[in-house]
Amino acid sequence: MNTLSDTPRRIVVVGNGIAGLTACDTLRAEGFDGSITIIGDEPVAPYSRPALSKALLRDGDDLTSHLLPEATHGATERRGMAAVGVDVARQCVRLADGDAVPYDALVIATGTRARRLVRGHRSDPGEEYTVRTLADALALRARLASRPSVVVVGGGPLGMEIASGAVAAGCATTLVSQGMPLASQLGAWLAARLHHAALAQGLAIMTTGCAEVVTRDGSSVVTLGDGTVIEAEVIVSAIGDVPNVEWLTTSGLLTGGALVVDTRGLVRPNIAAAGDVAAFPHAGRVARVPLWTSAIDQAKVAAAALLRPDAPELAFQQYFWTEAFGVSLKAIGPTPVAGEPEIAEGTAEQGVFRWRHSNGPWTAVALDYRIPIPKLRRLTTLGA
Ligand SMILES: Cc1cc2nc3c(=O)[nH]c(=O)nc-3n(C[C@H](O)[C@H](O)[C@H](O)COP(=O)(O)OP(=O)(O)OC[C@H]3O[C@@H](n4cnc5c(N)ncnc54)[C@H](O)[C@@H]3O)c2cc1C
């Protein structure tokens, strides 16, 4: 157990997203009664990021789908304030306003930002929209209301969800994807289900090895690898994310530019990291898993590890969901999945499907089918 002298009394959390929020809640649940300061560069309270590309783009005037319950952790919140550095030797976080916040223990939960096609343009919505923050989503939503033509670059879950929102808003929409949308993330069988639904709702899909945004005659267009030019009034990119680690560049905490944690979320005995920003060991490799429940699970483990050496290691099982073009999918276990599944419940159209991976684990997927998550989880262990 920690001795009285090494028990932290001041914990600073940088990043006020779901990982930062969960870390604060976990510290309190573990009995920590010292001071917590949470620093976040967004001006708003933490919210559901997954809702931004789903209900928030599609719902009517009731913009509440992204709201989370009000925080009860009692931390001092510094919203709209970026951390610009950390001095590990002096144990303090430097803020953009010149302030320095001392800590005994630190949680790094700064997440990621959208990767952009147009480099150097941080936020020129006339050029390229992305959806990472609430402000991004509200800006795109407002633009879609006038039914512009839209091209979405990126055939992953985010691109498909944004394209679905654009089609639902009545926009003529083209999706540019490297191969069949979602195939590399989910596998061909599952991807085909969403692909058919998208085509049936009028989405145009173009496949390419690479896409670029270039300026032609004063306006931006998307060009594909084969020279095809796609003109649209709105260009949205959904091409992945970039970890927010620049503020740590001189901290000595990065390994090859990445923030790598151990199986308990620790970078140092008194410094933890969690969520999209952190690469952690699982399934024989060290990688980021930028998913909502992954951020929550990591933050719980990491916060506990700062308080007690007997805190458990992360027992990670991937959980992922998406909703697009009227199809709802929940997947527990590794993806992509290969080949045909077995039907565990329901029918071939709406049910729960299972795949066994050649290296052992199962993946269970509910498609347009209501099933409690614990039951879906059990299907990844039963009947192996
Ligand atoms: C549109 C969208 C839809 C998604 N849908 C799904 C889904 O359906 N299912 C799923 O599992 N996952 C989904 N995800 C991923 C999921 O939202 C993330 O995995 C999760 O939000 C990560 O949480 P986080 O707290 O680690 O990072 P973030 O949510 O990125 O929070 C980090 C916070 O830290 C702030 N910050 C960054 N740098 C600094 C700094 N220097 N100082 C202070 N603050 C800083 C950021 O602005 C941000 O507020 C989606 C993501 C997006 C963008």
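Residues numbered from 1 in each chain as written. Predicted model: local features only at pLDDT ≥ 70, side-chain atom pairs only at ≥ 80, totals over all residues. Heavy atoms only, no water.

Student: How do you make sense of the packing of helix 1 (residues 18-29) against helix 7 (residues 292-307) when you look at a structure like this?
Tutor: A pair of packed helices is characterised by two quantities: the angle between their axes and the separation of those axes. Across the interface, helix 1 lies against helix 7 with an axial gap of 8 Å and an inter-helix angle of 40°. Classified by the interaxial angle, the pair formed by helix 1 and helix 7 is oblique. Remark: the crossing between helix 1 and helix 7 carries right-handed chirality. Where helix 1 abuts helix 7, its residues Ile-18, Ala-19, Thr-22, Ala-23, Thr-26 and Leu-27 lie against Trp-292, Ala-295, Ile-296, Ala-299, Lys-300, Ala-303, Ala-304 and Leu-307. When its residues are assigned to classes, the contact of helix 1 with helix 7 shows 11 nonpolar, two polar and one charged. (Axes fitted to C-alpha atoms, helices over the stretch in contact; angles between N-to-C directions. Helix = DSSP H or I, 4+ residues; strand = E, 2+ residues; numbered from the N terminus. Parallel < 35°, antiparallel > 145°, perpendicular 65-115°, else oblique. Left-handed = near helix turned anticlockwise from the far one by under 90°. Contact = heavy atoms within 4.5 Å. Nonpolar A, V, L, I, M, F, W, Y, C, P; charged D, E, K, R; others polar.)

Student: Teacher, can you tell me more about the pairing of strand 25 (residues 351-356) here?
Tutor: Note on strand geometry: in a regular strand, side chains alternate between the two faces of the sheet. With five of six residues buried, strand 25 is to be regarded as a mostly interior element. Direction of pairing for strand 24 (residues 342-346) relative to strand 25: antiparallel, over a ladder of four bridges. Each residue of the ladder has a partner; that of Gly-346, found in strand 25, is Gly-351. Joining the antiparallel neighbours strand 24 and strand 25 is a turn of four residues. Here strand 25 runs beside strand 26 (residues 362-367); their pairing, made up of six bridges, is antiparallel. Bridge pairing links Val-352 to Ala-366 in strand 26. If you look at the hairpin formed by strand 25 and strand 26, you'll find five residues sitting between the two strands, and Gly-360 has a positive phi there, around 125°. (Buried < 20%, exposed > 50% of the residue type's maximum accessible area, 1.4 Å probe, protein only. Pairing = 2+ DSSP bridges.)

Student: It is not clear to me how the domain arrangement of the chain should be interpreted in this structure. Could you clarify?
Tutor: Taken domain by domain, the chain holds domain 1 (10-113 + 242-307), domain 2 (116-239) and domain 3 (337-378). Using C-alpha coordinates to define each centre, domain 1 is positioned 32 Å away from domain 3. (Domains from an automatic or database assignment.)

Student: What is the right way to look at the site of the ligand in this model?
Tutor: The environment of the ligand is made up of 33 residues, and the closest members are Asp-41, Glu-42, Arg-49, Lys-54 and Asp-276. One nitrogen or oxygen atom from the main chain of Ala-83 is found 2.9 Å from a nitrogen atom belonging to the ligand. Relative to its unbound accessible surface of 980 Å², the ligand loses 93% to contact with the protein. Every element with two or more residues in the shell around the ligand is listed here: helix 1, strand 2 (35-40) and helix 7. Mapping the shell around the ligand onto the domain boundaries places at least three of its residues in each of domain 1 (10-113 + 242-307) and domain 2 (116-239). (Near = heavy atom within 4 Å. Polar contact = N/O pair within 3.5 Å; in protein donor to acceptor, adjacent residues only side chain to side chain. Areas by Shrake-Rupley, 256 points an atom, 1.4 Å probe, with all protein chains shown as cover.)

Student: Help me out: how do you make sense of the pattern of salt bridges in this one?
Tutor: Once their charged atoms are close, side chains differing in charge can pair, the charge on each being opposite to the other. Within this structure, the stated rule accounts for 17 salt bridges. The partner of Arg-58 in a salt bridge is Glu-323, with the nearest N and O atoms 3.5 Å apart. In this pair, Arg-58 is assigned in helix 2 (residues 55-58) and Glu-323 in strand 22 (residues 319-324), connecting sequence segments 265 residues apart. The network of salt bridges with shared partners includes Glu-30, Arg-308 and Asp-310. (Salt bridge = Lys/Arg side-chain N within 4 Å of Asp/Glu carboxyl O.)

Student: Help me understand the packing of aromatic side chains, please; the structure alone is not making it clear to me.
Tutor: Each aromatic ring pair is described using two quantities: the centre-to-centre distance and the angle formed by the ring planes. Counted according to the given criterion, the structure contains four aromatic pairs. Considering the side-chain rings of Trp-189 and Trp-355, the 5.5 Å spacing of their centres and the 70° angle between planes classify their relative orientation as edge-to-face. A residue pair is termed long-range when its members are at least 10 positions apart, and Trp-189 in helix 6 (residues 188-200) and Trp-355 in strand 25 qualify at 166 residues. Residue Trp-355 is classed as buried on the basis of its relative accessible area of 3%. Centre to centre, the rings of Phe-280 and Phe-316 are 5.2 Å apart; their planes meet at 75°, and the pair counts as edge-to-face. With a gap of 36 residues between them, Phe-280 in strand 20 (residues 278-282) and Phe-316 in the loop between helix 7 and strand 22 connect regions that are remote in the sequence. (Phe/Tyr/Trp six-rings, centres within 6.5 Å; stacked < 30°, edge-to-face > 60°.)

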